[in-house]
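The residues making up each chain are set out below.
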Amino acid sequence: MSENKIPYKIYLSEDEMPKTWYNLRADMKNKPAPLLNPGTLQPMTAAELEGVFCRELVQQELDGDTPFFEIPQEIRDFYKMYRPSPLVRAYCLEEKLQTPAHIYYKFEGNNTSGSHKLNSAIAQAYYAKKQGLKGVTTETGAGQWGTALSMACGYLGLDCKVYMVKCSYEQKPFRREVMKVYGASVTASPSETTEVGKKILAEFPGTTGSLGCAISEAVEAAVSREGYRYVLGSVLNQVLLHQSIIGLEAKTALDKYGVKPDIVIGCAGGGSNLGGLIAPFMGEKLRGERDYRFIAVEPASCPSLTRGEYRYDFCDTGMVCPLAKMYTLGSGFIPSADHAGGLRFHGMSSILSQLYADGLMEAVSVRQTDVFEAAEYFARVEGILPAPESSHAILAAINEAKRCKETGEEKTILFGLTGTGYFDLVAYEKFHSGEMKNVVPTDEDIARSLAQLPKVD
Ligand SMILES: *Cc1c(COP(=O)(O)O)cnc(C)c1O
């Protein structure tokens, strides 16, 4: 099909929308390592996990073999309110860069929560409701996940308790209030409302909190309450499963025009948007049907894939969660306070970690001032104000497109534009004022943090 037939935005009709999620693990020869019970070091059983997580989500978490899971009608109905998300041919960006590359991005910021996280939030809230629970607890860092979960719980009439990392709670009052609009209760973490919070406060008075610490509090808040379970917005297998909607929609849209990407790029925090975007393409690669390059982009100040080790580690600072085998900087690792670009989690999804260890995916780390420069460049050319997280992928896509210009190669690049930056203007302000620094951990910093890892393997 001739190129000018490809519209600026490719939409899907309701009939073309995916009816199943795709479970990438089913096509992996080397399955991701199981979660371990930190006490016994044995794989977590469904019964153990059901004390913390919703029953049906535990089934999804542990199922490495079933390739497709039907998306329940209620979730598909909710998806219709903001999906399909647009797949945009970045004609303006291509023109501006004078590149022969064809660039596409999948934009997930078209919902009030402003990111892809809603795709899994509604699924997790749905299964909690189906189980007859009263509510769910969770942590949120910058606030995107908490906002998404609040929306999902508000829609289904579930109680939602959010532990928000204290520095974000104070610096991002707008997100906090959006969560309250949807009926969530929001607590700054660490707090006095949990034992683990009190312990962390006693040990580190004045701490502004971390994601790992908020996870510990949210887990405790769930297991100590009748009718509550804990939900997590990234990292877990079930979250990547739900996020496969991103890749499935993108692939269906591209297939309509016979377009095959050569390179698929996504930013990587815990790995959920990247895992979801690449899923159907990686499936083809794993089955030997087609080759693709996949690139995970992470911040130089929190470089779990590029500088971490592939080991069993805790997902949380309080060490109450199961152990996950993943590329990690150590659960005690806290990125520099100067880091403003998100993607702050110390580890990486077990699925993506295994794919990276097997050489099926590449990873690059980028400096935050370069990320914000790319963000502004993109905003001026394509119009969308991008989230700093998403801008990691923008930067890598621009770099690949520039390389195509040098070599004259007409590559097709697909990247994930995960969200909008309306609530990240304090970070943009730092960039504008010249205050933003590139603080990168030293080898000693990382070695010190990795020395604390549990001895498992
Ligand atoms: C949370 C978030 C991310 C990173 O999370 P992943 O699980 O790695 O996808 C990226 N972009 C935005 C906009 C987010 O809110």
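Once a new chain begins, its residue numbering starts again from 1 and follows that chain's sequence as written. Per-residue local features of the predicted model are confined to residues with pLDDT of at least 70, and side-chain atom pairs are confined, for both listing and counting, to 80 or more; whole-chain, interface and lining totals are unaffected and use all residues. For the side-chain quantities, the full set of heavy atoms in the structure was used; hydrogens and water were omitted.

Participant: It is not clear to me how the overall build of the protein should be interpreted in this structure. Could you clarify?
Facilitator: Broken down by element type, the protein carries 18 helices and 15 strands. Relative to a compact globule of 457 residues, whose C-alpha radius of gyration would be 23 Å, the protein shows 21 Å and is just as compact. Taking all 457 residues of the protein together, 62% fall into the buried category. Looking at the protein alone, contacts between residues at least 24 apart form 76% of all its contacts between residues at least 6 apart. Of the roughly 17400 Å² of accessible surface on the protein, 51% is carried by carbon and sulfur atoms. His residues and chain termini do not enter the charge count, which takes Lys and Arg as positive and Asp and Glu as negative. We put the charge of a Lys on NZ, of an Arg on CZ, of an Asp on CG and of a Glu on CD. Distance from the positive charge centre (48 side chains) to the negative charge centre (56 side chains) of the protein: 2 Å. Numbering of helices and strands runs from the N terminus, with a helix taken as a DSSP run of H or I at least four residues long and a strand as a DSSP run of E at least two residues long. Every radius of gyration here is taken over C-alpha atoms, with the globule rule written as 2.2 Å times N^0.38, N being the number of residues. Relative accessibility thresholds used throughout: buried, under 20% of the residue-type maximum; exposed, over 50%; partly exposed, between the two (1.4 Å probe, protein chains only). In what follows, residue pairs with any heavy atoms lying within 4.5 Å of each other are defined as contacts. Throughout, the Shrake-Rupley method with a 1.4 Å probe supplies accessible areas, and for residues the shown protein chains are the sole cover considered.

Participant: Teacher, can you tell me more about the packing of helix α15 (residues 368-382) against helix α17 (residues 425-433) here?
Facilitator: Think of two packed helices as two axes; the pair is described by the angle between the axes and how far apart they sit. Every angle, taken between N-to-C directions, lies between 0 and 180 degrees, and every axis is a line fitted to C-alpha atoms, over only the stretch in contact when it is a helix. Closest axis-to-axis distance for the α15/α17 pair is 11 Å, and the angle between their directions is 105°. With respect to their mutual orientation, α15 and α17 come out roughly perpendicular. Seen from α15, the contacting residues are T369, F372, E373, A375 and E376; seen from α17, they are A427, Y428, F431 and H432. Roughly parallel refers to an angle under 35 degrees, roughly antiparallel to one over 145, roughly perpendicular to one between 65 and 115, and oblique to any angle outside these ranges.

Participant: Quick question: what am I supposed to make of the site of the ligand here?
Facilitator: A cutoff of 4 Å decides nearness: a residue is near a molecule or strand if any of its heavy atoms lies inside that distance of it. Around the ligand, a shell composed of 17 residues is seen, among which K117, S234, G269, S272 and T418 lie nearest. Whenever two N or O atoms come within 3.5 Å, that pair is a polar contact, provided that in protein one can donate a hydrogen and the other can accept it, and provided that, for residues adjacent in sequence, both atoms are side-chain atoms. G270 is positioned such that a nitrogen or oxygen atom in its backbone is 3.0 Å from an oxygen atom of the ligand. Here an oxygen atom of the ligand and a side-chain polar atom of N273 are 2.7 Å apart. Contact with the protein chains hides 94% of the accessible area of the ligand, taken as 390 Å² for the molecule alone.

Participant: Honestly, the pairing of strand β7 (residues 159-165) in this entry has me stumped. Any pointers?
Facilitator: Note on strand geometry: in a regular strand, side chains alternate between the two faces of the sheet. The buried fraction of β7 amounts to 6 of the 7 residues, a majority that puts the element mostly inside the structure. Pairing of strand β6 (residues 135-140) with β7 involves 6 bridges; the strand directions are parallel. Along β7, the bridge assignment pairs E139 with Y163. Read from β6 through helix α6 (residues 144-156) to β7, the crossover connection turns out right-handed. Strands were regarded as paired on the criterion that DSSP finds at least two bridges between them. Sheet analysis places β7 next to strand β8 (residues 185-189), joined by 5 bridges and oriented parallel. Bridge assignment links K161 to a residue of β8, and that residue is S185. With its strands directed away from the observer, a crossover is right-handed exactly when the path from the first strand over the helix to the second travels clockwise.

Participant: How should α17 be read in this particular structure?
Facilitator: In an α-helix there are 3.6 residues to a turn, and that puts residues three or four apart on one side. Those residues of α17 that sit buried are A427, Y428 and F431. End-on view of α17: buried residues confined to an arc of 100°, all on one side of the axis. In α17, the exposed positions angled more than 90 degrees off the buried face are occupied by E429 and H432. Against the buried residues of α17 lie α15 and α16 (388-407). Backbone geometry just after α17 places G434 at a positive phi near 80°. The directions considered for the arc run from the helix axis to the C-beta atoms.

Participant: Mind showing me how you'd approach the side chain of N237 here?
Facilitator: Within the element layout of this structure, N237 appears in helix α11 (residues 237-256). Beyond its immediate chain neighbours, meaning those up to four positions away, N237 contacts R25, E61 and I351.

Participant: What is the right way to look at the sheet that holds β8 in this model?
Facilitator: Paired through backbone hydrogen bonds, the strands of a sheet run either parallel or antiparallel to each other. What the 4 strands build is an open sheet, ordered β8-β7-β6-β9; its pairing is parallel. Each edge of the open sheet carries a strand with a single partner, namely β8 and β9 (228-230). Shown here is a sheet whose adjacent strand axes are inclined to one another by a mean of 25°, direction ignored. Sheet strands touched by α6: β6 and β7. Its angle to β6, the strand with the most contacts, is close to 160°.

Participant: In this structure, what is going on with the sheet that holds strand β1 (residues 9-10)? I would like to understand it.
Facilitator: Here 7 strands make up an open sheet; going across it, the order is β1-β4-β5-β15-β10-β11-β14 and the pairing mixed. The sheet terminates laterally at β1 and β14 (362-366), the two strands that pair on one side only. Where strand β10 (residues 263-267) lies against strand β11 (residues 293-299), 5 bridges are found, and the strand directions are parallel. Paired with G266 across the bridge in β11 is A296. Where α11 meets the sheet, it contacts β1, β4 (87-89), β5 (102-107) and β15 (412-417), and its direction lies at approximately 140° from that of β5.

Participant: Just to check I follow, could you spell out the side chain of R76 for this structure?
Facilitator: Along the chain, the position of R76 falls in helix α3 (residues 73-80). The term salt bridge refers to a side-chain nitrogen of Lys or Arg lying within 4 Å of a carboxyl oxygen of Asp or Glu. Buried and unpaired, R76 has no salt bridge, with E70 as the nearest side chain of opposite charge at 4.9 Å. Aside from chain neighbours lying at most four places away, what touches R76 is P18, K19 and I71.

Participant: I'm lost on the pattern of salt bridges in this one. Help?
Facilitator: A side chain with one charge can pair with a side chain of the opposite charge if their charged atoms come near. Considering all chains together, one arrives at 30 salt bridges under this definition. Across the pair R287 and D27 runs a salt bridge whose closest N-O atoms are separated by 2.9 Å. You can see R287 sitting in the loop between α12 (272-286) and β11 and its partner D27 sitting in the loop between β2 (20-22) and α1 (46-49), a full 260 residues away along the chain. The partly exposed category is assigned to R287, whose relative accessible area is 40%. Here R89 ties to E94 by a salt bridge, and the two come within 2.7 Å at their closest N and O atoms. Several salt bridges share partner residues, and in doing so they unite R83, K106, E108 and E249 into one network.

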